[in-house]
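Residue strings, one per chain:
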Amino acid sequence: MLLKDEVGMLQRVPLFSAIEPTKLKLLAFTSDRVSYSAGQILFRQGDEGDAAYVILSGRADILVDSDSGPIKVAELEPNSIVGEIAILCNSSRTATVRAASPLEVLRIRKDHFLRLMSEFPEMTIEILRVLADRLSHTTADLIDARSAK
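Criteria and thresholds
- Residues numbered from 1 in each chain as written.
- Predicted model: local features only at pLDDT ≥ 70, side-chain atom pairs only at ≥ 80, totals over all residues.
- Heavy atoms only, no water.
- Helix = DSSP H or I, 4+ residues; strand = E, 2+ residues; numbered from the N terminus.
- Buried < 20%, exposed > 50% of the residue type's maximum accessible area, 1.4 Å probe, protein only.
- Pairing = 2+ DSSP bridges.
- 1 Å grid on protein atoms, 1.4 Å probe; cavity = no way out; pocket = protein on both sides within 12 Å on 5 of 7 lines; lining within 4 Å.
- Points joined across faces, edges and corners; volume = space filled by probe spheres on them.
- Nonpolar A, V, L, I, M, F, W, Y, C, P; charged D, E, K, R; others polar.
- Core = buried A, V, L, I, M, F, W, Y, C linked by side-chain atoms within 4.5 Å.
- Contact = heavy atoms within 4.5 Å.
- Axes fitted to C-alpha atoms, helices over the stretch in contact; angles between N-to-C directions.
- Parallel < 35°, antiparallel > 145°, perpendicular 65-115°, else oblique.
- Left-handed = near helix turned anticlockwise from the far one by under 90°.

With a phi close to 75°, Asn79 is a non-glycine residue in the positive phi region. Following the sequence through the fold, Asn79 ends up in the loop between β5 (71-76) and β6 (81-82). Given a relative accessible area of 30%, Asn79 falls into the partly exposed group. For Asn90, which is not a glycine, the phi torsion comes out positive at approximately 50°. Here Asn90 is to be found in the loop between α3 (84-89) and β7 (96-99).

Okay, structure coming up:
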């Protein structure tokens, strides 16, 4: 895929929509485009958080380990970002991500991701929105689960 096509894809990701195209070109150039087959693992729960991933095409499942085996807690679609929590919290991965279909992602190294956040406050605000939305959904799911008991 051409660099300009990758920039176009990044512009459709809400997280990067406010970033000027020249900076997105640099991001695309310094990031790795990676393909996964259905069933392949992007990263495992407990792994070091060394990169964030932007889903360019395909779907991926977010799985959390439990005593009864992995539990699917969410599904990612194109233009989603995953892996940023471990980077922001400087901690290990909180879940496993597995390709649910053939998957194309842009892998953004931790240092590049953090630099983007410092250079573009709009991106930082959008990350906060994404995380707040996830927390809201998780809280609602927890309430539903506790109410069912």
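From this point, the narrative continues.
Our focus in this paragraph is the pairing of strand β8 (residues 103-109). For β8, a buried count of 5 out of 7 residues is recorded, marking the element as mostly surrounded by other parts of the structure. As paired elements, strand β1 (residues 32-36) and β8 share 5 bridges and run antiparallel to each other. By the bridge assignment, Val34 is partnered in β8 with Val105. Here 6 bridges tie strand β3 (residues 51-57) to β8, and the two strands are oriented antiparallel to one another. Among the inter-strand pairings, Ile55 is bridged to a residue of β8, identified as Val105.

Over the atoms, a rolling probe the size of a water molecule traces out where space has been left empty. By volume, the largest pocket amounts to about 940 Å³. Those elements giving two or more residues to the lining of the largest pocket turn out to be β4 (60-64), β5, β6, α3 and α5 (121-147). Top element by residues in the lining of the largest pocket is α5. It accounts for 10 residues. Each residue belonging to the lining of the largest pocket can be placed in one class, and the counts come to 19 nonpolar, 6 polar and 7 charged.

Right, let's get into the nonpolar core. Counting 23 residues, the largest nonpolar core has Phe16, Val54, Phe113 and Met123 as the members making the most contacts within it. Put simply, the parts of the chain that give this core at least two residues each are α1 (3-11), α2 (21-30), β3, β8, α4 (110-119) and α5. If we ignore the near neighbours within four places in the chain, the residues touching Phe113 are Ala52, Ile81, Glu84, Ile87, Leu88, Ile108, Met123 and Ile127. Ala51, Ile55, Val97 and Val105 belong to the second largest nonpolar core, which has 15 residues in total.

Moving on, we come to the sheet that holds β5. Pairing is antiparallel in the open sheet, where 4 strands are placed in the order β2-β7-β4-β5. Two strands close off the open sheet at either side, each with one partner strand: β2 (41-43) and β5. Within the sheet, the average angular offset between the axes of one strand and its neighbour, ignoring direction, is 30°.

This next bit is on the packing of α1 against α2. Where α1 contacts α2, the two axes come as close as 9 Å, and the packing angle between them is 110°. Here α2 runs roughly perpendicular to α1, going by the angle between their axes. Crossing hand, α1 versus α2: right-handed. Note on element contacts: α2 touches α1 through Pro21, Leu24, Lys25, Leu27, Ala28 and Phe29, opposite Leu3, Glu6, Val7, Leu10 and Gln11. When grouped by side-chain class, the residues that make up the contact of α1 with α2 number 8 nonpolar, 1 polar and 2 charged.

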